[in-house]
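Single-letter residue listing:
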Amino acid sequence: MQESEKGTFYKVIEKLDSWLGPGKLKYKPACYDLKDMFIECVIESDCMKQHNNNFQFCATQGVNQECKAIRHDWYLCRKSQVDWTKHFSKDDPR
């Protein structure tokens, strides 16, 4: 594909994207930044170096205080997306 064809292709895709709705790159999901901060914190921690890059262990048990704080903030952000007061309703018509 030549450069002019690529430019035309991307223009068409951008028009379709604007007609169909916002793209994922334009509007990131909720709590996305906290998730990235937590992943970077775990990867840069000493635990990853000591336990041969075992991410699952380091993310759950071997994190330092800074990563725990970010993980807790991420948890609260995700929890706030669910409205538990409407989850179990007494006047449910089902």
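Everything here concerns the structure above.
Residues numbered from 1 in each chain as written. Predicted model: local features only at pLDDT ≥ 70, side-chain atom pairs only at ≥ 80, totals over all residues. Heavy atoms only, no water.

**Q** Any chance you could explain the overall build of the protein chain here in plain terms?
**A** When helices and strands are tallied, the protein chain shows 5 helices and 0 strands. Taken over 94 residues, the protein chain has a buried fraction of 14%. Pairs at least 24 apart in sequence give 50% of the contacts found in the protein chain among residues at least 6 apart. Accessible area for the protein chain stands at about 8,500 Å²; split by element, carbon and sulfur atoms hold 55% of it. (Helix = DSSP H or I, 4+ residues; strand = E, 2+ residues; numbered from the N terminus. Buried < 20%, exposed > 50% of the residue type's maximum accessible area, 1.4 Å probe, protein only. Contact = heavy atoms within 4.5 Å. Areas by Shrake-Rupley, 256 points an atom, 1.4 Å probe, with all protein chains shown as cover.)

**Q** Before we go on, may I ask you to explain the packing of helix 2 (residues 32-43) against helix 5 (residues 65-79) in this structure?
**A** Between two packed helices, the angle of one axis relative to the other and the distance separating the axes together describe the packing. The geometry of helix 2 relative to helix 5 is characterised by a closest axis approach of 9 Å and an angle of 155° between their N-to-C directions. Comparing their axes, helix 5 and helix 2 come out roughly antiparallel. As for how helix 2 packs across helix 5, the hand of that crossing is left-handed. Contacts between helix 2 and helix 5 pair Leu34, Lys35, Met37, Phe38, Cys41 and Val42 from the former with Glu66, Cys67, Ile70, Arg71, Asp73, Trp74 and Cys77 from the latter. Among the residues making up the contact of helix 2 with helix 5, the classes are represented as 9 nonpolar, no polar and 4 charged. (Axes fitted to C-alpha atoms, helices over the stretch in contact; angles between N-to-C directions. Parallel < 35°, antiparallel > 145°, perpendicular 65-115°, else oblique. Left-handed = near helix turned anticlockwise from the far one by under 90°. Nonpolar A, V, L, I, M, F, W, Y, C, P; charged D, E, K, R; others polar.)

**Q** Where do I start with unusual backbone geometry in this structure?
**A** In terms of backbone geometry, most residues other than glycine have negative phi values and most peptide bonds are trans. Phi is positive for Cys31, close to 70°, though the residue is something other than glycine. Checked against the element boundaries, Cys31 lands in the loop between helix 1 (3-20) and helix 2.

**Q** Help me out: how do you make sense of the state of the cysteines in this one?
**A** In a disulfide, the sulfur atoms of two cysteines are covalently bonded to one another. Evaluation of the coordinates by the stated rule reveals 3 disulfides. Residue pairing for Cys31: its cysteine sulfur links by disulfide to Cys77, the two sulfurs lying 1.9 Å apart. Handedness here is read from the sign of the S-S torsion; for Cys31 and Cys77, about -90°, the answer is left-handed. A residue pair is termed long-range when its members are at least 10 positions apart, and Cys31 in the loop between helix 1 and helix 2 and Cys77 in helix 5 qualify at 46 residues. On the basis of relative accessible area, Cys31 is assigned to the buried category, the value being 10%. (Disulfide = S-S within 2.5 Å.)

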